[in-house]
Protein chains: 4
Amino acid sequence: MSRFTFLILCPDQVGIIAKTTAFLHQRKGNIVYLDQYVDPEAQMFFMRLECDGIGLSSDQLRSEFNEALAIPFQMQWRMDSDENLPKMALFVSKYDHCLYDILGRHAAGELQVEIPFIISNHPDLAPVAEQFGIPYHHIPVTKDTKPEAEAAQLALLEAHKIDLIVLARYMQIVSPKLIDRYPNRIINIHHSFLPAFPGAKPYHSAYARGVKIIGATSHYVTEDLDAGPIIEQDTTQVSHIHSVTDFIRKGRDLEKIVLSRAIRQHLEGKTMVYDNKTVIFH
Amino acid sequence: MSRFTFLILCPDQVGIIAKTTAFLHQRKGNIVYLDQYVDPEAQMFFMRLECDGIGLSSDQLRSEFNEALAIPFQMQWRMDSDENLPKMALFVSKYDHCLYDILGRHAAGELQVEIPFIISNHPDLAPVAEQFGIPYHHIPVTKDTKPEAEAAQLALLEAHKIDLIVLARYMQIVSPKLIDRYPNRIINIHHSFLPAFPGAKPYHSAYARGVKIIGATSHYVTEDLDAGPIIEQDTTQVSHIHSVTDFIRKGRDLEKIVLSRAIRQHLEGKTMVYDNKTVIFH
Amino acid sequence: MSRFTFLILCPDQVGIIAKTTAFLHQRKGNIVYLDQYVDPEAQMFFMRLECDGIGLSSDQLRSEFNEALAIPFQMQWRMDSDENLPKMALFVSKYDHCLYDILGRHAAGELQVEIPFIISNHPDLAPVAEQFGIPYHHIPVTKDTKPEAEAAQLALLEAHKIDLIVLARYMQIVSPKLIDRYPNRIINIHHSFLPAFPGAKPYHSAYARGVKIIGATSHYVTEDLDAGPIIEQDTTQVSHIHSVTDFIRKGRDLEKIVLSRAIRQHLEGKTMVYDNKTVIFH
Amino acid sequence: MSRFTFLILCPDQVGIIAKTTAFLHQRKGNIVYLDQYVDPEAQMFFMRLECDGIGLSSDQLRSEFNEALAIPFQMQWRMDSDENLPKMALFVSKYDHCLYDILGRHAAGELQVEIPFIISNHPDLAPVAEQFGIPYHHIPVTKDTKPEAEAAQLALLEAHKIDLIVLARYMQIVSPKLIDRYPNRIINIHHSFLPAFPGAKPYHSAYARGVKIIGATSHYVTEDLDAGPIIEQDTTQVSHIHSVTDFIRKGRDLEKIVLSRAIRQHLEGKTMVYDNKTVIFH
């Protein structure tokens, strides 16, 4: 029997937890995880719930849940079963450290995901893809070829039924069309503790400002550059002895960890987005 | 109307969440917080739940809860209402930094607790107590006077109906009688990342070993020295340039923060203990 | 005999270390600490040096050093002896947590400094000052009385020969005259990881942005608001479950630690400023 | 012209810095880095110094330095030039995460070192080595074959003139002969914050104890198991919700970072060892 994971978002009301758990209980479900959160300003209710032991098909359960709970409580909701491995596409440019890290983790069994291909606007990292046996599509992006490039990207994404796109230091702005098509399903890593130092060359700006901490931020991509919902952030101490090169070196470790944590949380269905902010269940 | 906070511990079974939330829902309760955890090895179920809007008295609610849920599910449970401020006694010796920190936080309104008195085996910190207007009881402890000292301590604790005892660098071993009387209600701060460096002079031992991190640990006191359930731990980096004196100075900040976090979590009813480990709800 | 501490800043040239150490060696000095740093972009040389065993008076040593080294190497330099305790003035408004922390640390012997008085634009914290036996000057600041208030502040600072001013959550902008008079000797604590969230209400802005880390920054005050040389920064993790109130509570601990570290580093003569950045020796 | 890096250790005496810097200055050397440290208990002096611009050969400079300074000051010392890339051998068993991390960093240009080969007591990771084009020697170790295995290891190490051995989760105890032959040149990663949880299965022990932090430690290997000089340590927070599997997953990131930092510091000549402790220059 499958394990079903529910993500539920609705206006806060009395009785949601009681009725949802009763619904599952009546169907012989055993709740193995329940966490909920109420946004006190928006009065919105968020819940994540994992349930074992229900003998229904996914479709049947979805249909009953919809009628009994989702409609009456005006829920935005999603139910995943653990039957299928999700599919993740990687977008890269020339920097290889995040790519090595993700592929190394994947090879080491840390990420429960299929990686059907890598897309890059440069040919440089093809050997890395080859090393790990993953198809590499070089799709150059110039001012003139942007529409064709996007079309080529979209065609690949759709042909492979991609669930999640990861921009692993992809140094291009992603097109609004792609963002619309994959809302809250494109994760970017930005190499600063946003909202400080958005845009290009954040390590150089951090060095110029003389900060004593540097950071990295993973977030869902929206049309506002580096302003989407933040998934994970972390920082590390620096000092006057560190050059820009040192910032970059130390930052690489942050980028790798902050990006891989965000990927894992997304893949495990632990992220929800509301009002440009994330709820991250543990 | 009061807010009621439930802490529930019982063998894991199907239906606990559903039945508990239904019970509260039937009594017009609005669940504003629910977090639960199942220990996968012990198969024990832990839940913390806050509920508004129930028009019953504490006693009536306790009685109905007991019959309907606690007995059938074999729950160990506790229900607190937010009507009464808990009472905390401080035990100190000669070190003043944790005492200053707790009293400063208390004066600044950070800790929702009453501090009826401070007990010390030395007279040294009486002026600090006086500065903050808190009674200070000097109860010397020697080998010979130990039983009388304990009796005097217990008399004070009971006379003031103390809920929580905090050993804020109290350099004495607490008697088994006190520990029995206040199970999981005595919090100690130990100045190392336990289980490393239990016992006396951990900073000196850490220095001798050449560690690159030092830490602090707050834990409930049990009869095994420095081996009780850990509530909070934190660490900070040190290097070869730091002397034992530097370790002690840097450690003081850790001790203050780790102890004050543990106190707050206990006071907010977010700690549960099972099998010498804590469950700390967020 | 005194211990002398030198802070030296000059254009980088071959031979500075060799000649400086030879100079001290010839006068029977034993160098107990030497750390240096070259800013590779500005080609500026920074050195901190502690020296024991020299039998000269401060004045005599200063005069000889000036002629032999400072003039030829175009040094900006400072030499302190450990004979006098520096003097620190505290400026506060209504928030008491940093004040309690500094006074608690001072009382516990952590800060080698004299605190002749506290200045505030509000009367609220007078009881805290009284608790610790430190004079409290209530100098209200309004649009109209600003010049008089500044004059009163300056008069107090000069009468007491203050070396360092600490703005311990002083919610006023300090006048340019004061900044000019005490360059790199006014330390402020700002409750964000600058350059993110400068100005008012940074915790509210951080909450609105949905960040996963919050921070605090101590810096020297310059005429550009929250843009002076950064001395210390630290951050802590937050999550969606934390309200603005939680941000403020968690931030208070950061503010206290980041401010007290900056104060200590300044008092120990371990900070240098160049080009709006700090060099912090260990 | 080469950059020369000196590491110097000797009994603390007046004049070492002055005479050493004068020696280099007389030979047209420009000191680009100098950091020193005096162990106040052992009264030992440690210095690291980088120097450009000297027109002598390494041998000539070594010889002059020896006569002028090393002999009179009883120095233990080492001088490296930046002409040759050091050589590092990796020892692994079956865990691949540290191996992927090191090889990924090496491929990404983060580690200035040659990796002539990998040794393992198991065949499992041969494909990883092959992926990165590095020779893999499978040398099984059993009770009976231990002497032959060691001889085979030593033969490889000597044939390739290995400078540094890294035990990247090599689950075997290294022979005293190897340790003797490569003193302070074998780096191990242990998956706990030593001295807590030495030996086997530290994550399981940490889980059983209910700690709230886990850690990793890189250290030079000595004959006392997990008791050699510590190079780097780091920790991360865990909570009751984390299973042993979570500890292992979170710990992997610590292991990778703590090991790679230790490797880099060693390769850059920033580590010194005295009395089973390290001095790590920045």
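Rules used throughout
Residues numbered from 1 in each chain as written. Chains lettered and ligands numbered in written order. Predicted model: local features only at pLDDT ≥ 70, side-chain atom pairs only at ≥ 80, totals over all residues. Heavy atoms only, no water. UniProt positions renumbered as here; feature names shortened; annotations may be inferred. Buried < 20%, exposed > 50% of the residue type's maximum accessible area, 1.4 Å probe, protein only. Helix = DSSP H or I, 4+ residues; strand = E, 2+ residues; numbered from the N terminus. Least-squares fit on C-alpha atoms with pLDDT ≥ 70 in both. Contact = heavy atoms within 4.5 Å. Buried area = accessible area lost by both parts, 1.4 Å probe. Salt bridge = Lys/Arg side-chain N within 4 Å of Asp/Glu carboxyl O. Pairing = 2+ DSSP bridges. Axes fitted to C-alpha atoms, helices over the stretch in contact; angles between N-to-C directions. Core = buried A, V, L, I, M, F, W, Y, C linked by side-chain atoms within 4.5 Å. Phe/Tyr/Trp six-rings, centres within 6.5 Å; stacked < 30°, edge-to-face > 60°. Lys NZ or Arg CZ within 6 Å of the ring centre and 35° of its normal. Polar contact = N/O pair within 3.5 Å; in protein donor to acceptor, adjacent residues only side chain to side chain. Nonpolar A, V, L, I, M, F, W, Y, C, P; charged D, E, K, R; others polar. Domains from an automatic or database assignment. Parallel < 35°, antiparallel > 145°, perpendicular 65-115°, else oblique. Left-handed = near helix turned anticlockwise from the far one by under 90°. Arc of directions from axis to C-beta.

- As annotated in an unreviewed UniProt entry, chain A is Formyltetrahydrofolate deformylase from Sediminicola luteus.
- Note on chain A: under the UniProt heading Catalytic activity (unreviewed entry), the record states "(6R)-10-formyltetrahydrofolate + H2O = (6S)-5,6,7,8-tetrahydrofolate + formate + H(+)".
- As its UniProt record puts it under Sequence similarities (unreviewed entry), chain A is described as follows: "Belongs to the PurU family."

### Comments concerning helix α3 (residues 97-107) of chain C
All names here are of chain C.
Argument step 1. Of all 11 residues in α3, nine are buried, a share of seventy percent or more.
Argument step 2. Along α3, the residues classified as buried are His97, Cys98, Leu99, Tyr100, Asp101, Ile102, Leu103, Gly104 and Arg105.
Argument step 3. Of the residues flanking the end of α3, it is Gly109, one or two places downstream, whose phi is positive at about 85°.

### Some thoughts on the relation of the copies chain A and chain B
Argument step 1. With an RMSD of 0.0 Å, the operation that places chain A on chain B is a rotation of 180° combined with a shift of 0.0 Å along the axis. Here the symmetry operator amounts to a two-fold rotation axis.
Argument step 2. Most of the interface of chain A is mirrored in chain B: 100% of its interface residues are interface residues there too.

### What about the interface of chain A and chain C?
Argument step 1. Listed by partner, the interface residues are 34 residues for chain A and 34 residues for chain C.
Argument step 2. With both chains or domains summed, chain A and chain C bury close to 2800 Å², and 54% of this area falls on carbon and sulfur atoms.
Argument step 3. When the buried area of chain A at its contact with chain C is split by residue, A:Arg209, A:Lys212 and A:His240 rank highest and sum to 26% of it.
Argument step 4. Inspection of the region where chain A meets chain C yields zero salt bridges.

### A look at the sheet that holds strand β6 (residues 114-120) of chain C
All names here are of chain C.
Argument step 1. Pairing in this open sheet of seven strands is mixed, and the strands run β7-β6-β5-β8-β9-β10-β11 from one edge to the other. Bordering the open sheet on either side are β7 (136-138) and β11 (230-237), each of which pairs with just one other strand. Neighbour-to-neighbour, the strand axes of the sheet open up by a mean angle of 20°, direction not taken into account.
Argument step 2. Those strands touched by helix α8 (residues 244-267) are β5 (87-92), β8 (164-167), β9 (186-190), β10 (213-220) and β11, and its axis lies near 155° from that of β11.

### Things to note about the nonpolar core
Argument step 1. Judged by nonpolar contacts, the single largest core of 218 residues is most densely connected at A:Ile102, B:Ile102, C:Ile102 and D:Ile102.
Argument step 2. Aside from chain neighbours lying at most four places away, what touches A:Ile102 is A:Met88, A:Leu90, A:Leu111, A:Ile115, A:Val166, A:Ala168, A:Leu259 and A:Ile263.

### A closer look at the packing of aromatic side chains
Argument step 1. Under the criterion given, the structure shown has 48 aromatic pairs over all chains.
Argument step 2. Within the aromatic cluster, the residues linked to one another by ring pairs are A:Phe6, A:Phe23, A:Phe65 and A:Trp77.
Argument step 3. For A:Arg181, the ring lying beneath its charged end belongs to A:Tyr182, and the centroid distance is 4.6 Å.
Argument step 4. The aromatic ring of D:Phe23 is capped on one face by D:Arg27, whose charged end is 3.7 Å from the ring centroid.

### Considering the pairing of β8(C)
Residue and element names in this part refer to chain C.
Argument step 1. In β8, alternate side chains face the same way, and those of Leu164 and Val166 on one face and Ile165 and Leu167 on the other are all buried.
Argument step 2. In this structure, β5 lies alongside β8, joined through four bridges in parallel fashion. Within the sheet, the bridge partner assigned to Phe91 lies in β8 and is Leu167.

### Notes on the interface of chain A and chain B
Argument step 1. If you look at the interface, chain A gives 17 residues, while chain B gives 17 residues.
Argument step 2. Here chain A and chain B share an interface that buries about 1400 Å² over both sides, 58% of which is from carbon and sulfur atoms.
Argument step 3. Summed over the three residues of chain A that lose the most area to chain B, namely A:Val14, A:His25 and A:Leu34, the buried surface amounts to 31% of that side.
Argument step 4. Applying the counting rule to chain A against chain B returns zero salt bridges.
Argument step 5. Here chain A and chain B share three residue pairs in polar contact (both at pLDDT 80 or more) between them.
Argument step 6. Only α1 (16-26) and β2 (30-39) of chain A provide two or more residues apiece to the side of chain A that touches chain B.
Argument step 7. A class-by-class count of the residues in the side of chain A that touches chain B yields seven nonpolar, eight polar and two charged.

### Side note on the pattern of salt bridges
Opposite charge on two side chains lets them pair, provided their charged atoms get close.
Argument step 1. As enumerated under the stated definition, the model contains 76 salt bridges over all chains in all.
Argument step 2. For B:Arg105, the salt bridge goes to B:Asp101, with nearest N and O atoms at 2.7 Å. One end of the pair, B:Arg105, and the other, B:Asp101, are both in helix α3 (residues 97-107), four residues apart, so they sit about a helical turn from each other.
Argument step 3. Since its relative accessible area comes to 4%, B:Arg105 is described here as buried.
Argument step 4. In this structure, C:Glu268 and C:Lys270 form a salt bridge, with 3.3 Å as the shortest nitrogen-oxygen distance.
Argument step 5. Here the residues in one salt-bridge network are A:Asp101, A:Arg105, A:Glu110, D:Arg252, D:Asp253 and D:Lys256, joined through shared partners.

### Describing the domain arrangement of chain A
All names here are of chain A.
Argument step 1. In terms of domains, chain A is made up of domain 1 (4-81) and domain 2 (88-280).
Argument step 2. One C-alpha centre belongs to domain 1, the other to domain 2, and the line joining them spans 31 Å.
Argument step 3. Counting residues at the interface gives 10 residues for domain 1, matched by eight residues for domain 2.
Argument step 4. Approximately 800 Å² of surface area, both sides summed, lies buried where domain 1 meets domain 2, with 73% of it carried by carbon and sulfur atoms.
Argument step 5. Among the residues domain 1 hides against domain 2, the three largest losses belong to Leu7, Phe46 and Arg48. Together they make up 52% of the total.
Argument step 6. Seen at the junction of domain 1 and domain 2, the total is zero salt bridges.

### As for the packing of α3(C) against α8(C)
All names here are of chain C.
Argument step 1. The N-to-C vectors of α3 and α8 enclose an angle of 45°; their axes lie 9 Å apart at closest approach. By the angle class used here, α3 and α8 are oblique. Handedness of the crossing formed by α3 with α8: right-handed. Listed contacts from α8 to His97, Cys98, Asp101, Ile102 and Arg105 of α3 are Arg252, Glu255, Lys256, Ile257, Leu259, Ser260 and Ile263.
Argument step 2. Here the residues of the contact of α3 with α8 are counted per class, giving five nonpolar, two polar and five charged.

### What to know about the environment of B:Ser205
Argument step 1. Along the polypeptide, B:Ser205 turns up in helix α7 (residues 202-209).
Argument step 2. Residues B:Ser205 and B:Val244 lie 39 residues apart in sequence; the distance between their C-alpha atoms is 9.2 Å.

### Overview of the packing of helix α1 (residues 16-26) of chain C against helix α2 (residues 58-70) of chain C
Residue and element names in this part refer to chain C.
Argument step 1. Where α1 meets α2, the closest approach of the two axes is 11 Å, and the angle between their N-to-C directions is 145°. In terms of crossing hand, the pair formed by α1 and α2 is right-handed. Of α2, the residues touching α1 (which contributes Lys19, Thr20 and Phe23) are Leu61, Glu64, Phe65, Ala68 and Leu69.
Argument step 2. Broken down by class, the residue content of the contact of α1 with α2 amounts to five nonpolar, one polar and two charged.

### Examining the relation of the copies chain A and chain C
Argument step 1. Each copy superposes on the other: chain A lies on chain C with an RMSD of 0.0 Å after a rotation of 180° and an axial shift of 0.0 Å.
Argument step 2. Both copies present the same face, since 100% of the interface residues in chain A are matched by interface residues at the equivalent positions in chain C.

### Quick word on α7(B)
Argument step 1. Within α7(B), burial applies to B:Pro202, B:Tyr203, B:Ala206, B:Tyr207 and B:Arg209. Along α7(B), the residues classed as buried sweep out an arc of 165° about the axis, all on the same side.
Argument step 2. Looking at the buried positions of α7(B), the neighbouring elements they touch are β9 (186-190), β10 (213-220) and α8 (244-267) of chain B together with β2 (30-39), β11 (230-237) and β13 (277-280) of chain D.
Argument step 3. In the stretch just after α7(B), B:Gly210 is the one whose phi turns positive, near 75°.

### Some remarks on the UniProt feature "active site" (unreviewed entry) in chain A
Argument step 1. In the numbering used here, UniProt assigns the feature "active site" (unreviewed entry) to A:Asp226.
Argument step 2. You can see A:Asp226 is positioned in the loop between β10 (213-220) and β11 (230-237).
Argument step 3. Excluding its chain neighbours within four sequence positions, the residues that come into contact with A:Asp226 are A:Asn188, A:His190, A:Leu194, A:Pro198, A:Gly199, A:His219 and C:Arg209.

### Thoughts on unusual backbone geometry
Argument step 1. In this structure, B:Pro195 follows B:Leu194 across a cis peptide bond, with omega equal to 10°.
Argument step 2. Within the element layout of this structure, B:Pro195 appears in the loop between β9 and α7.
Argument step 3. For C:Asn184, which is not glycine, the phi torsion reads 55° and is therefore positive.
Argument step 4. Considering the arrangement of structural elements, one finds C:Asn184 in the loop between α6 (176-181) and β9.
Argument step 5. Notably, D:Asp275 is not glycine yet its phi reads approximately 60°, a positive angle.
Argument step 6. Positionally, D:Asp275 belongs in the loop between β12 (271-274) and β13.
Argument step 7. A relative accessible area of 61% places D:Asp275 in the exposed class.

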